[in-house]
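Structural features, examined
For reference, the chains in residue letters:
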Amino acid sequence: MEFTVNQIAAMLGGTVEGNGSLKIKMLAKIQEAKPGQIAFLSNPRYENYIYTTGASAVIVSKQFIPRKPLTTTLIRVDDPYSSFTLLLEEYHKLISFQKSGIEEPSFIGANCTVGKNIYRGAFSYIGNNVTLGDNVKVYPQTFIGDNVVIGNNVILHPGVKLYAGTRIGNNCVIHSGTVIGSDGFGFAPQPDGTYKTIPQLGNVIIEDDVVIGANTVIDCATLMGDSTIIRKGVKLDNLIQVAHNVEIGRNTVIAAQTGISGSTKIGENNVIAGQVGIAGHLVIANNTSIGAQSGISKSIREEGQKILGYPAFDIKEYFRAYSVFKKLPSLSYRLRKLEEAVYGHKASAVSDNAHSEENLNE
Amino acid sequence: MEFTVNQIAAMLGGTVEGNGSLKIKMLAKIQEAKPGQIAFLSNPRYENYIYTTGASAVIVSKQFIPRKPLTTTLIRVDDPYSSFTLLLEEYHKLISFQKSGIEEPSFIGANCTVGKNIYRGAFSYIGNNVTLGDNVKVYPQTFIGDNVVIGNNVILHPGVKLYAGTRIGNNCVIHSGTVIGSDGFGFAPQPDGTYKTIPQLGNVIIEDDVVIGANTVIDCATLMGDSTIIRKGVKLDNLIQVAHNVEIGRNTVIAAQTGISGSTKIGENNVIAGQVGIAGHLVIANNTSIGAQSGISKSIREEGQKILGYPAFDIKEYFRAYSVFKKLPSLSYRLRKLEEAVYGHKASAVSDNAHSEENLNE
Amino acid sequence: MEFTVNQIAAMLGGTVEGNGSLKIKMLAKIQEAKPGQIAFLSNPRYENYIYTTGASAVIVSKQFIPRKPLTTTLIRVDDPYSSFTLLLEEYHKLISFQKSGIEEPSFIGANCTVGKNIYRGAFSYIGNNVTLGDNVKVYPQTFIGDNVVIGNNVILHPGVKLYAGTRIGNNCVIHSGTVIGSDGFGFAPQPDGTYKTIPQLGNVIIEDDVVIGANTVIDCATLMGDSTIIRKGVKLDNLIQVAHNVEIGRNTVIAAQTGISGSTKIGENNVIAGQVGIAGHLVIANNTSIGAQSGISKSIREEGQKILGYPAFDIKEYFRAYSVFKKLPSLSYRLRKLEEAVYGHKASAVSDNAHSEENLNE
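Residues numbered from 1 in each chain as written. Chains lettered and ligands numbered in written order. Predicted model: local features only at pLDDT ≥ 70, side-chain atom pairs only at ≥ 80, totals over all residues.

All right, on to the overall build of chain A then. When helices and strands are tallied, chain A shows six helices and 40 strands. For chain A, the C-alpha radius of gyration of 29 Å lies well beyond 21 Å, the compact-globule estimate for 362 residues. Principal-axis analysis of the C-alpha atoms gives chain A an extent of 90 × 65 × 30 Å. The proportion of buried residues among the 362 residues of chain A is 52%. The contacts in chain A between residues at least 6 apart in sequence include a share of 24% that link residues at least 24 apart. (Helix = DSSP H or I, 4+ residues; strand = E, 2+ residues; numbered from the N terminus. Rg over C-alpha atoms; globule rule 2.2 N^0.38 Å. Buried ≥ 20, exposed ≤ 12 C-beta atoms within 10 Å, placed from the backbone. Contact = placed C-beta atoms within 7 Å.)

On to the sheet that holds strand β39 (residues 306–309) of chain A, then. Residues and elements named next belong to chain A. Strand order in this open sheet of twelve strands is β8-β11-β14-β17-β20-β25-β28-β31-β34-β37-β39-β40, and the pairing throughout is mixed. The two strands at the open ends of the sheet, each matched to only one other strand, are β8 (101–102) and β40 (312–314). Taken together, the two bridges between strand β17 (residues 155–156) and strand β20 (residues 173–174) define a ladder with parallel strand orientation. Bridge pairing in β20 links Leu156 to Ile174. Contacts from helix α3 (residues 315–325) reach β39 and β40 within the one sheet, and its direction differs from that of β40 by about 105°. (Pairing = 2+ DSSP bridges. Axes fitted to C-alpha atoms, helices over the stretch in contact; angles between N-to-C directions.)

Once chain A has been moved 0.0 Å along the axis and rotated by 120°, it coincides with chain C to within an RMSD of 0.1 Å. What we have between these two chains is a three-fold relation. (Least-squares fit on C-alpha atoms with pLDDT ≥ 70 in both.)

With that settled, the discussion passes to helix α1 (residues 5–12) of chain C. Residues and elements named next belong to chain C. Along α1, the positions that sit buried rather than exposed are Val5, Ile8, Ala9 and Leu12. Buried residues of α1, viewed axially, fall in a sector of 100°; they line one side. Just past α1, the residue Gly13 takes up positive phi, approximately 65°. (Arc of directions from axis to C-beta.)

The partner chain B presents 50 residues to the 53 residues of chain C that form the contact. Counting only elements with at least two residues in the side of chain C that touches chain B, the list comes to α2 (80–96), α4 (328–343), α5 (351–354) and α6 (356–360) of chain C. The element best represented in the side of chain C that touches chain B is α4(C), accounting for seven residues. Of the residues contributing to the side of chain C that touches chain B, the split by class is 22 nonpolar, 22 polar and nine charged. (Nonpolar A, V, L, I, M, F, W, Y, C, P; charged D, E, K, R; others polar.)

In this section: the environment of Ile168(A). Residues and elements named next belong to chain A. Its location among the elements puts Ile168 in strand β19 (residues 167–168). When the C-alpha atoms of Ile168 and Ile206 are compared, they prove to be 4.6 Å apart, with 38 residues separating the residues in sequence. When neighbours within four sequence positions are excluded, Ile168 is seen to be in contact with Ile150, Gly151, Val154 and Ile206.

With 54 residues of chain A at the contact, the number on the chain C side is 50 residues. Broken down by element, the residue count for the side of chain A that touches chain C peaks at seven residues, all from helix α4 (residues 328–343) of chain A. Grouping the constituent residues of the side of chain A that touches chain C by class yields 22 nonpolar, 22 polar and ten charged.

Take the packing of helix α4 (residues 328–343) of chain B against α4(C) next. With their axes 11 Å apart at the nearest point, α4(B) and α4(C) run at an angle of 35° to one another. Of the two elements, α4(B) crosses α4(C), and the hand of that crossing is left-handed. Across the interface between the two elements, Leu331(B), Arg334(B), Leu335(B), Leu338(B), Ala341(B) and Val342(B) of α4(B) pack against Ser332(C), Leu335(C), Leu338(C), Glu339(C) and Val342(C) of α4(C). Class assignment of the residues belonging to the contact of α4(B) with α4(C) gives a composition of eight nonpolar, one polar and two charged. (Left-handed = near helix turned anticlockwise from the far one by under 90°.)

Moving on, we get to the nonpolar core. With 229 residues, the main nonpolar core has Ile144(A), Phe325(A), Ile144(B), Phe325(B), Ile144(C) and Phe325(C) as its most contacted residues. Residues within four places of Ile144(A) in sequence aside, it is in contact with Tyr125(A), Ile126(A), Gly127(A), Val130(A), Val138(A) and Leu162(A). (Core = buried A, V, L, I, M, F, W, Y, C linked by C-beta atoms within 7 Å.)

Turning to its location among the elements, Gln98(A) is positioned in the loop between α2 (80–96) and β8. As for Gln98(A) and Asp314(A), which are separated by 216 residues in sequence, their C-alpha atoms are 47 Å apart.

To continue, consider the sheet that holds strand β2 (residues 15–17) of chain A. Residues and elements named next belong to chain A. If you walk across this open sheet you meet the five strands as β2-β7-β6-β5-β4, and the pairing is mixed. The sheet is open, and its two borders are formed by β2 and β4 (26–27), each paired with just one other strand. Relative to strand β7 (residues 73–77), helix α1 (residues 5–12) is tilted by about 10°, and along the sheet it contacts β2, β5 (37–40), β6 (57–61) and β7.

All names here are of chain C. Here α4 is 16 residues long and its end C-alpha atoms lie 22 Å apart, about the 22 Å a rise of 1.5 Å per residue gives. If you check which residues of α4 are buried, you get Leu328, Pro329, Ser330, Leu331, Ser332, Arg334, Leu335, Leu338 and Glu339. Just beyond α4, the residue with positive phi is Gly344, at close to 100°. (Expected span 1.5 Å × (residues − 1).)

The step from Tyr310(A) to Pro311(A) runs through a cis peptide bond, and the omega angle for that step is -5°. By the secondary structure assignment, Pro311(A) is in the loop between β39 and β40. With omega at 0°, the peptide bond leading from Glu104(C) into Pro105(C) counts as cis. Among the secondary structure elements, Pro105(C) is positioned in the loop between β8 (101–102) and β9 (107–108). At Asn153(C), a position not held by glycine, the phi torsion is positive, near 60°. Within the fold, Asn153(C) resides in the loop between β16 (149–150) and β17 (155–156). With 22 C-beta atoms packed within 10 Å, Asn153(C) lands in the buried category.

Before going further, it helps to spend a moment on the pairing of β39(A). Residue and element names in this part refer to chain A. Summarising the sheet, strand β37 (residues 289–290) and β39 pair through two bridges and their orientation is parallel. From the neighbouring strand, Ser289 faces β39, where its bridge partner is Lys306. One ladder, built from three bridges, connects β39 with β40; its direction is antiparallel. If you follow Leu308 over to β40, its bridge partner there is Phe313. Two successive antiparallel strands, β39 and β40, enclose a turn made up of two residues.

Residues and elements named next belong to chain B. By the alternation rule, side chains of strand β27 (residues 227–230) split into Ser227 and Ile229 and Thr228 and Ile230, which are all buried. Of the pairings in the sheet, the one linking strand β24 (residues 203–206) to β27 comprises four bridges and is parallel in character. Bridge pairing in β27 places Ile206 opposite Ile230. As paired strands, β27 and strand β30 (residues 247–248) are joined by two bridges and run parallel to one another. Bridge assignment links Ile229 to a residue of β30, and that residue is Glu247.

For the rest of this paragraph, the subject is the environment of Gly304(B). Residue and element names in this part refer to chain B. Tracing the chain through its elements places Gly304 in the loop between β38 (295–296) and β39 (306–309). When the 10 C-beta atoms within 10 Å are taken as the criterion, Gly304 is described as exposed. Sequence-wise, Gly304 and Gly181 are 123 residues apart; in three dimensions their C-alpha atoms are separated by 31 Å.

The next subject is the confidence of the model for chain A. All names here are of chain A. Looking at chain A, pLDDT values average 93 and 95% of them are 70 or higher. Counting contacts from residues 347–362, a segment whose pLDDT is below 50, to residues more than four positions away or on other chains yields 17 contacts. The ipTM, which scores confidence in the relative placement of chains, is 0.91 for this predicted complex, and the corresponding pTM is 0.92. (pLDDT = per-residue confidence, 0-100.)

Have a look at this one:
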């Protein structure tokens, strides 16, 4: 990118003090910025840097009164922090979508419909009957199978693999190495101990505004006409496993290395931490919060719970139980001492075995 | 695919009632089927759909007696459900193996032997001295290293990576992004705290009828001449880690995100759930069933056990212990109350620390 | 490779007995070796094989006195085992770095600087302003984004993806499918329940002597100018998740499927087992050893600890607590019996509920 200070000030609704025709190529922290870069000053603790910064321009508050002479140009705004964040977002969008055109060699099959301002990187592969909307960026070595449909403003990072029939909405980002539409893990046991493959004929639907990390896998649904569905606004991290026929509700966020087994339906606005395992055929209510490494073996029907454990239950109760778990050797010792006190010495020594049979029937 | 109703009836050993020359392109559920599609009716609960279905043909039982007029053609068979399943399997096979020929650009090295009816997708790479059997489908962006040998009827989905020397049997399917033959994780600690790489010179052998999911990794064996071995009929899900020198016995099924450490030998007909971790140099007996997220730190010598936990033990005992774990704060409280009752008030307050030393020597 | 026995003896500082002009192409075990191969004899238990081996040469100790006639040539050294290990390492290096030149089609952008003895495999992609040192091996289907800098003697196995701006030192090996520099998982919750993407503008720095397994993911840092850093000598296994702004200290070794959350700093010479989960914003001291599947939810400040559990604590204490956990049903039963003895029959039946309120305030 390259903008003048005046252009940036106009974008932010700010006013310029100094040379507004200077060119800005990058954003930087005030203590590290160099000529051609723009920084911001919000926290007064950083004020000293503004008198020595190399930045061509600094975004400051309308109320800022310099205590020393300045060499940098100022852009005055209401809230320097949000203005800078806005610039970062715009900058990120610009660099994310800057690639365009077709690099060769790349492959595209028959009967494809392709929108405006597309990037098709070298060694990318697009099958037959594929539809791509506007501003779709297909990075190098990406695979798009037959009959895939992709909306507008979608970025497929290098090496993404979309199996035939996958559907992706608008404004989605999928990171490198992620596989969408691979076969569900379905095998029918046979009398001789072998397994027969259950054909996996459904697809995957990714709705709008979904972000998916790197090396994640989403399997297709089993039956023809069925779909594994990732709803609008879902954010998935890296190395996640989403099995066949799973549905993930709107605005649910899932951290890395979590796995969701077949046919489970996850509600909206869940926050699921990393390395969680969720069994198959469950229903998880809206607004559930699941702690890292938890194992979910039963449906969660009540909304808004925070759970942890293996299997998971209420997170506060888990930590209370776990704090006693750490002291179990001491508890066990105290119990034996009590038994000796109550029953007489050594009476308890055989109790473990003596009661084990009854125990089974508790 | 495109078959006439008569052709499908012949394949199923069924009889046609209606127009047998209609063309069928797809399978569908009876409630959703359109012209050109075939459905089935097995469960009487769905009978009403047959009078309104758009399907060109419906597979029904020989005993089926319509209660209303029909517009669809019937194929009568003994068991409509299994006939439809058979059709699904045939359809799946057809679409799986339908790609053939060579897309350009693709790369093939010197001295390769290639069977009949091969597909080599664009940007696929085949090294030197590679042998491919008949009906091998090498999808785009797949890598096959030098000296790899692959049997008949093998599908390598887009982006599979086979390191040099890998051997794959017949009727195998490997999904996108899976890596086979990468270096085992072997490093020798040096006196200065650094690690020296232990050369990994073995390979991976995949026997017949193995299915491997997406983004799974199988490392090669350490020593030249040794192999990491996946036996006949094994099914591996997505994102699984199989370390160097592991052997997985026949017809064992392993769910997603499970990891198996170096040199462990897993028996036949195991059922291993997701996110299980198995330590190195263990032996797991045949017919073992391991629950999700379990940690296996010792060999399992007795066949047919069902285990769970971290470390894992008998699954029923685990759940019994875990049900008490949840009540530990209450148990702890009751134990203290008992101590007060038996020893006198506050006597137990110091017991945790008082006995901790002895505890270490229990 | 192809060397004469004399050349190998010179490399090992050994002396030849027999035909030093024989050609050696491979290393093998003494019991399996064929003509053209070299083996070693160290353990006297294997001595019998030396009289029948097909090996062209065998490395033996200076002290070895044959008890029968030999047909193989000998190389006498001080320590046959270390000499053979050295040969294995040299052989491994040779085959690892043997590929060179440019296979077509491959892609390279503008303004790239490329060292000597490079391999650029077919379908590899190198963006603009990329710097590659000497002996860099870019295997097929690898992606190197704009502005990436790579040192000398680096191997990028097939399908590695390096996002723009990644920096890699000398003597690194990265295995297939690994993704470096993907976006950190950062989303700001909005009042309407949706999430806004926090731009990820930093990069990843990999220092010298780092080895990374297959299908691992390392995210970039969030802020421009910041880096996720993997220090010198670190070894990472397969399918590991390293989140944004993580730093992994020198010579730390991490096994497969472990995940490290954002901004955590891991010390030097840690040994972290497989499937461990480490929460965000923590500090882990040097020389920490973390057992498999552990969950780390708090910083570890004291060096040299060995921990395990979920959350993790001292490994010996964990196992002691866990051994009692297994007996919890029996403990619970014994506690009830004691209550009956002390309080009178059935007195304890209501204790769980009666005290639950107080419990919360313990």
